[in-house]
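Chain by chain, the residues run as shown.
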2 protein chains.
Amino acid sequence: MSLLVVGSVAFDSIQTPHGYAEGVLGGSATFFSVAASWFAPVSVVAVVGEDFDAEHLRVFQSRAIDTTGIERVPGRTFRWRGEYAGSMNEARTLETQLNVFERFAPKIPPSYLDSEFVFLGNIDPVLQLHVRQQLPKARLAALDTMNFWIQGKLDDLKKTLAAVDVLLVNEGEARMLSGDHNPKKAAKAIREMGPRIVVIKRGEHGVTLFAQGSIFSAPGYPLDVVHDPTGAGDTFAGGFMGHLARTADLSDANFRRAVVFGSVMASFAVEEFGLRRLLRLTRQEIDTRYREFKTLTHFDPDPEVRTEEADRSPL
Amino acid sequence: MSLLVVGSVAFDSIQTPHGYAEGVLGGSATFFSVAASWFAPVSVVAVVGEDFDAEHLRVFQSRAIDTTGIERVPGRTFRWRGEYAGSMNEARTLETQLNVFERFAPKIPPSYLDSEFVFLGNIDPVLQLHVRQQLPKARLAALDTMNFWIQGKLDDLKKTLAAVDVLLVNEGEARMLSGDHNPKKAAKAIREMGPRIVVIKRGEHGVTLFAQGSIFSAPGYPLDVVHDPTGAGDTFAGGFMGHLARTADLSDANFRRAVVFGSVMASFAVEEFGLRRLLRLTRQEIDTRYREFKTLTHFDPDPEVRTEEADRSPL
């Protein structure tokens with residue numbers, strides 16, 4: 001099944017304890033679509049400026065991503081400058097130039113209108129809802145948002161939440177949106193706003209999916225080094241939605257696999273700056289790490305050989 | 001197999017967003033031994049003052065804990081006053097009265113000298129090593145420590161680390177001890193100091209065990225409410241070591257089960273103030289939550305095998 005993403009394309013300048021990258025291709029739609037492209041056909045809706053040239057377009061094309069919906073307008077592309085320090089859990093934004101993104105009005109090409117899987121990246125919730133309403137055939141619509149919209153456009157965001165199936169947020173956003181510190185209660189409160197599934201992202205600590213009668217936790221993958229966390233959340237979403245679109249299976253068991261594939265893709269993304277690692281992946285690397293997630297969390301609750309002595313209660 | 005713990009017995013006064021408890025029985029040896037008593041016979045080495053009376057002793061005796069090694073001396077028992085706010089990840093210490101704990105010189109009763117499983121709770125590393133050296137039959141010795149000793153007695157701590165099999169620390173302590181922000185590298189560096197197994201505790205985010213060629217991550221149990229995190233780390237250690245002592249099985253598979261039993265016990269401990277929840281547990285509650293941990297982290301990597309349950313859609 002084809003998968004549509006609406007979000008940002010950006011040029012990021014990133015400082016981390018492991019190095020510096022200047023003006024590298026990024027943005028939510030970019031990370032999402034490159035990650036998802038490993039699983040399913042992806043179409044992008046985004047806006048770029050005149051500084052987005054053939055070389056950048058080729059990045060999308062190299063992953064067979066449909067770029068019909070990438071609109072090129074006069075001006076400069078969205079630019080973000082940030083840095084990470086210490087355990088790199090949070091970016092410090094040094095500079096944001098919205099540029100052409102400021103007046104982004106997503107236009108859905110006619111060829112995208114049948115999309116059955118949709119990811120509404122972190123943009124104004126009014127625009128997210130507008131996109132959602134143009135896609136009546138969507139079987140699964142997932143939403144990302146951020147503190148800025150929760151604080152500034154809560155009423156609009158709530159209307160958008162009522163129109164989607166899945167919300168992906170980090171812990172702080174879940175807390176702010178629900179008013180509850182407890183993740184389980186926060187997820188319950190958010191699920192009552194509309195999304196039947198809430199995915200709470202905890203960075204290096206992993207991800208928890210909350211659904212009706214089911215909770216699934218995946219740990220973070222223990223990496224030797226994290227070079228650049230930029231785009232990890234959107235990359236997670238790309239693997240998650242990509243797997244769901246590929247399989248078109250909305251069972252609880254398959255949502256769990258989707259969480260793991262999302263975690264796998266995010267773990268690769270942060271190994272190098274920008275998109276570098278995601279672009280030189282192999283399907284085998286993805287599958288190998290997916291198996292490693294199984295090993296990482298696997299325990300056999302019942303020891304094969306049990307003796308009376310071992311089972312005896314001492315009390 | 002019998003299990004020995006050396007650590008503190010304390011009276012805690014705790015403020016959390018959910019209430020206040022004044023002078024309740026706590027301390028590392030207490031939480032550890034009560035948790036471990038659900039799995040194996042436990043012996044305690046600790047010091048208490050004249051304010052520790054028959055009522056407190058009965059708490060240990062009610063769990064069939066061997067209190068021969070609880071030494072009662074003139075003066076008052078160790079007292080701690082602290083508070084938790086927000087998401088309650090960290091205690092703020094308001095007052096510490098070491099009292100009789102200041103001159104604690106652990107004495108191992110002759111009947112304890114054959115102990116094969118040992119937990120050296122968070123005390124001066126010089127004392128921990130002294131205890132360890134008196135227990136030549138120990139098959140598994142586990143250690144807890146804290147920032148105070150890492151900063152103040154690093155050389156002594158390193159000697160103690162060289163004499164134990166397992167170190168249990170939180171993320172910040174692992175970082176401080178190893179000098180590395182990356183948990184995998186931190187664990188590797190610590191393993192080179194002596195312990196073959198390093199368990200990094202992440203509070204509500206769960207636990208990761210690092211061993212030779214094996215990493216196991218267990219998530220935090222999603223609780224509806226956390227009333228009081230005091231003692232969660234020692235309670236984890238109690239479930240972990242208790243399961244190992246009960247089974248006397250030091251295989252990788254069994255260490256994984258031990259991590260889950262530790263997580264189960266810690267998840268119960270924080271549901272109510274002090275020891276309250278741990279004291280009114282049932283074996284069935286423990287086993288039920290243990291199975292819930294399996295469900296919480298389980299995914300079937302291969303969708304080919306499908307069951308009705310697995311096909312149930314959460315949507």
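Q: Which residues make up the sheet that holds strand β7 (residues 92-97) of chain A, and what are the values?
A: Residues and elements named next belong to chain A. The mixed open sheet is built from 4 strands, whose spatial order is β3-β2-β6-β7. Bordering the open sheet on either side are β3 (19-26) and β7, each of which pairs with just one other strand. This sheet shows a mean twist of 15° between the axes of neighbouring strands, independent of strand direction. Note that strand β2 (residues 10-16) and β3 share 6 bridges and pair antiparallel.

Q: An account of the sheet that holds strand β6 (residues 78-83) of chain B is requested, with residue identities and associated values reported.
A: All names here are of chain B. Across the sheet, which stays open at both edges, the 4 strands sit in the order β3-β2-β6-β7 with mixed pairing between neighbours. Since the sheet does not close on itself, it has two edges, and those belong to β3 (19-26) and β7 (92-97), each with one partner. Between one strand axis and the next, the sheet turns by 15° as a mean value, whatever way the strands run. The pairing of strand β2 (residues 10-16) with β6 spans 6 bridges and is classified as parallel. Residue pairing for β6: serine 13 is matched across the bridge by arginine 81.

Q: Outline the packing of aromatic side chains, listing residues and values.
A: Counted by the stated rule, this structure contains 24 aromatic pairs over all chains. Summarising the aromatic geometry, the rings of phenylalanine 148 of chain A and tryptophan 149 of chain A are spaced 4.8 Å apart at their centres and angled 75° between planes, so their arrangement reads as edge-to-face. By relative accessible area, which is 53% here, phenylalanine 148 of chain A ends up exposed. Residues phenylalanine 261 of chain A and tyrosine 290 of chain A carry aromatic rings whose centres are separated by 4.0 Å and whose planes lie at 5° to one another, so their mutual orientation is stacked. Linking phenylalanine 261 of chain A in helix α9 (residues 252-269) with tyrosine 290 of chain A in helix α11 (residues 283-297), this pair joins segments that are 29 residues apart in sequence. Like tyrosine 290 of chain A, phenylalanine 261 of chain A is buried. Taken together, the ring pairs in this structure connect Phe39, Phe216, Phe261 and Tyr290 of chain A together with Phe299 of chain B into an aromatic cluster. Here arginine 289 of chain A stacks its cationic end above the ring of phenylalanine 268 of chain A, 3.9 Å away from the centre of that ring. In this arrangement the basic side chain of arginine 63 of chain B is found over the ring face of tryptophan 38 of chain B, its NZ or CZ atom lying 3.6 Å from the centre.

Q: Residue-level account of the relation of the copies chain A and chain B, with values.
A: The two copies are related by a screw motion: chain A maps onto chain B through a turn of 180° and a shift of 0.0 Å along the axis, at an RMSD of 0.0 Å. Interpreted geometrically, this transformation is the action of a two-fold axis. Of the interface residues in chain A, 77% have counterparts in chain B that sit at the interface too, so the contact is made through matching surfaces.

Q: Go over the interface of chain A and chain B, please, and point to the residues and values.
A: Between chain A and chain B, the contact holds 52 residues from the first and 50 residues from the second. In this assembly, chain A packs against chain B so that about 4700 Å² is buried in total across both faces, 53% of it on carbon and sulfur atoms. Here chain A is connected to chain B by 4 salt bridges. The salt bridge involving aspartate 224 of chain B is made with lysine 184 of chain A; its shortest N-O contact spans 3.4 Å.

Q: Tell me what's going on with the side chain of serine 37 of chain B, and back it up with residues and numbers.
A: Structurally, the position occupied by serine 37 of chain B is in the loop between α1 (28-36) and β4 (42-48). One polar contact links the side chain of serine 37 of chain B to the main-chain carbonyl oxygen of valine 34 of chain B, over a distance of 2.6 Å.

Q: Give me the confidence of the model for chain A: which residues, what numbers.
A: All names here are of chain A. Here chain A averages 94 in pLDDT, and 96% of its residues register 70 or above. The model gives residues 305-315 a pLDDT under 50, and that stretch makes 12 contacts with residues more than four places away or in other chains. If you check the scores for this complex, the pTM reads 0.94 and the ipTM reads 0.91.

Q: Help me get a handle on unusual backbone geometry, residues and values and all.
A: All names here are of chain B. Unlike most non-glycine residues, alanine 64 shows phi in positive territory, near 60°. As for its placement among the helices and strands, alanine 64 is situated in the loop between α2 (54-62) and β5 (66-72). The phi dihedral of asparagine 99 is positive, around 50°, even though this residue is not glycine. With respect to the secondary-structure elements, asparagine 99 resides in the loop between β7 and β8 (117-120).

Q: Give me the environment of alanine 189 of chain A: which residues, what numbers.
A: Here alanine 189 of chain A shows up in helix α7 (residues 183-191). Separated by 10 residues in sequence, alanine 189 of chain A and glycine 179 of chain A have C-alpha atoms that sit 8.7 Å apart.

Q: Summarise the environment of threonine 235 of chain B; cite the residues concerned and give the values.
A: Residues and elements named next belong to chain B. Examined against the element boundaries, threonine 235 turns out to sit in helix α8 (residues 232-247). We classify threonine 235 as buried; its relative accessible area is 0%. Once the C-alpha coordinates of threonine 235 and aspartate 252 are considered, the two residues, 17 residues apart in sequence, prove to be 21 Å apart. Leave out the neighbours within four places in its chain, and threonine 235 touches Phe31, Ala35, Gly262, Met265, Ala266, Ala269 and Leu278. Within polar-contact distance, the side chain of threonine 235 engages the backbone oxygen of glycine 231 at 2.7 Å.

Q: Mind laying out the pairing of strand β1 (residues 3-6) of chain A, listing which residues take part and the relevant values?
A: A regular strand places its side chains on the two faces of the sheet in alternate fashion. All names here are of chain A. Every second residue of β1 is oriented toward a common face, with Leu3 and Val5 on one face and Leu4 and Val6 on the other, all of them buried. When β1 meets strand β8 (residues 117-120), the two strands line up parallel, connected through 4 bridges. Its bridge partner being in β8, leucine 4 is matched across the sheet by valine 118. Where β1 meets strand β4 (residues 42-48), 4 bridges bridge the pair, whose relative direction is parallel. Paired with valine 5 across the strands is valine 44, a residue of β4.

What counts as what
Residues numbered from 1 in each chain as written. Chains lettered and ligands numbered in written order. Predicted model: local features only at pLDDT ≥ 70, side-chain atom pairs only at ≥ 80, totals over all residues. Heavy atoms only, no water. Pairing = 2+ DSSP bridges. Helix = DSSP H or I, 4+ residues; strand = E, 2+ residues; numbered from the N terminus. Axes fitted to C-alpha atoms, helices over the stretch in contact; angles between N-to-C directions. Phe/Tyr/Trp six-rings, centres within 6.5 Å; stacked < 30°, edge-to-face > 60°. Buried < 20%, exposed > 50% of the residue type's maximum accessible area, 1.4 Å probe, protein only. Lys NZ or Arg CZ within 6 Å of the ring centre and 35° of its normal. Least-squares fit on C-alpha atoms with pLDDT ≥ 70 in both. Contact = heavy atoms within 4.5 Å. Buried area = accessible area lost by both parts, 1.4 Å probe. Salt bridge = Lys/Arg side-chain N within 4 Å of Asp/Glu carboxyl O. Polar contact = N/O pair within 3.5 Å; in protein donor to acceptor, adjacent residues only side chain to side chain. pLDDT = per-residue confidence, 0-100.

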